Amino acid sequence: MSYSNLLIEDFGAVRKITVNRPDKLNALNSDTLRELDEAFAEVAADDSVRVAVLTGAGPKAFVAGADISEMNGLTPVEGRDFSKRGSDMMRRIETLNKPVIAMVNGFALGGGLELAMSCHLRIASDKAKIGQPEIKLGLVPGFGGSQRLLRLAGRAACLELCLVGDPISAQRGYELGVLNEIAAAEQLEERTMAIATQIANSAPLAARAILDCVVVGGESNMGDALSYESTQFGLIFSTEDMHEGTSAFLEKRAAVFKGK
Ligand code: COA
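Conventions adopted
- Residues numbered from 1 in each chain as written.
- Predicted model: local features only at pLDDT ≥ 70, side-chain atom pairs only at ≥ 80, totals over all residues.
- Heavy atoms only, no water.
- Near = heavy atom within 4 Å.
- Polar contact = N/O pair within 3.5 Å; in protein donor to acceptor, adjacent residues only side chain to side chain.
- Areas by Shrake-Rupley, 256 points an atom, 1.4 Å probe, with all protein chains shown as cover.
- Pairing = 2+ DSSP bridges.
- Helix = DSSP H or I, 4+ residues; strand = E, 2+ residues; numbered from the N terminus.
- Axes fitted to C-alpha atoms, helices over the stretch in contact; angles between N-to-C directions.
- Buried < 20%, exposed > 50% of the residue type's maximum accessible area, 1.4 Å probe, protein only.
- Arc of directions from axis to C-beta.
- Contact = heavy atoms within 4.5 Å.
- Phe/Tyr/Trp six-rings, centres within 6.5 Å; stacked < 30°, edge-to-face > 60°.

Caption draft 1: Inspection of the site of the ligand at higher detail. Around the ligand, a shell composed of 16 residues is seen, among which Lys24, Lys60, Ala64, Ala66 and Ile68 lie nearest. The backbone of Asp23 places a nitrogen or oxygen atom 3.5 Å from an oxygen atom of the ligand. Side-chain polar atom of Lys60 to an oxygen atom of the ligand: 2.6 Å apart, as the coordinates give it. For the ligand, whose unbound accessible area comes to 870 Å², protein coverage reaches 59%.

Here it is in structure tokens:
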């Protein structure tokens, strides 16, 4: 599959997907939303890929938001469809069968922060700035921003970022729990790829079960969530990797996981 607005590169079992519209600070237009949906469907289906890293091209931006020039001309029905296209694509990432790491190399604003928050981990440059500035355009977040920020950082932070609309520093984003880690800009790629490779070398079926537990548990009551976790725990005993991992520990050797 070839893409107009994405770059796709494989580093072993790590697939790097780069939104590639640097002259528009990687703003998400309809074509880019569609291509991201296809690219993540490919990640899900390709057994040789164990982890995805998502980033933006150029030195300035991860993604500076949904494309304002495209939104400016939409009818209400087209606006709903634009929101749904982005929302469905980000839900695909959130519920993907493999971990996705957002490498936040610069501005992650509006749809850019929404995209990063749909990923499972966020590693950011110390130069990054994040925010939900939609209110300054007379808009509201439309790709799940008000909901994922509420769940990640709580009501006070969510309302502050969405109502005030000013970008915040990576440091503040880390303190609020929106970002997992901050790296010096020049070390961001190396650090992110190290984390991605560590996860890619671990047991993929266990990673998948953990992702499922967090998605299902985050949207269920505690009793149902614990019951779901117990079922996943039981299921993992059917994998070769579980026997390999526990045996390797007992035999004092490194485990080799096969995804079986
Ligand atoms: N949609 C469409 N185009 C965008 C964009 C977006 N969300 N964000 C940036 N761009 C475009 C600019 O229009 C400009 O295009 P041009 O060169 O054809 O005029 C180009 O990207 C570079 O942006 P510019 O504003 O010149 O860069 P800057 O360094 O001065 O400012 C930002 C950077 C991020 C502060 C500024 O681009 C910005 O505020 N962007 C919008 C952020 C936003 O509101 N996002 C939420 C959208 S819902």
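Caption draft 2: Spotlight on the sheet that holds strand 1 (residues 6-11). Taking strand neighbours across the sheet as the criterion, the six strands line up as 1-2-3-5-7-10 in an open arrangement whose pairing is mixed. Edge positions in the sheet fall to strand 1 and strand 10 (181-183), since each has one partner strand and no second. For this sheet, the mean inter-axis angle between neighbouring strands, taken without regard to orientation, is 20°. With three bridges joining them, strand 7 (residues 121-125) and strand 10 adopt parallel strand pairing. Paired with Ile123 across the bridge in strand 10 is Glu181.

Caption draft 3: Layout of helix 5 (residues 145-153). Listed as buried for helix 5 are Gly145, Arg148 and Leu149. The buried residues of helix 5 occupy an angular sector of 100° when the element is viewed end-on, so they sit on one face. Looking at the buried residues of helix 5, the elements they touch are helix 3 (76-94), helix 4 (111-118) and helix 6 (155-164). Directly beyond the C-terminal end of helix 5, a positive phi value near 95° is found at Gly154.

Caption draft 4: Highlighting the packing of aromatic side chains. In the structure shown here, the tally under the stated rule is two aromatic pairs. For the pair Phe82 and Phe143, a centre-to-centre distance of 5.7 Å together with 50° between the ring planes defines the contact as tilted. Placement of Phe82 in helix 3 and of Phe143 in the loop between strand 8 (129-131) and helix 5 is noted, with a sequence separation of 61 residues between them. When sorted by exposure, Phe82 lands in the same class as Phe143, which is buried.

Caption draft 5: Quick look at the sheet that holds strand 8. In spatial order, the strands read 4-6-8-9; together these four strands make up an open sheet with mixed pairing. Only two strands of the sheet have a single partner each, and these edge strands are strand 4 (61-63) and strand 9 (168-169). Here strand 8 pairs with strand 9 via two bridges, running antiparallel. Paired with Ile130 across the bridge in strand 9 is Ile168. Across the sheet, helix 4 is in contact with strand 4, strand 6 (107-109) and strand 8; its angle to strand 4 comes to roughly 75°.

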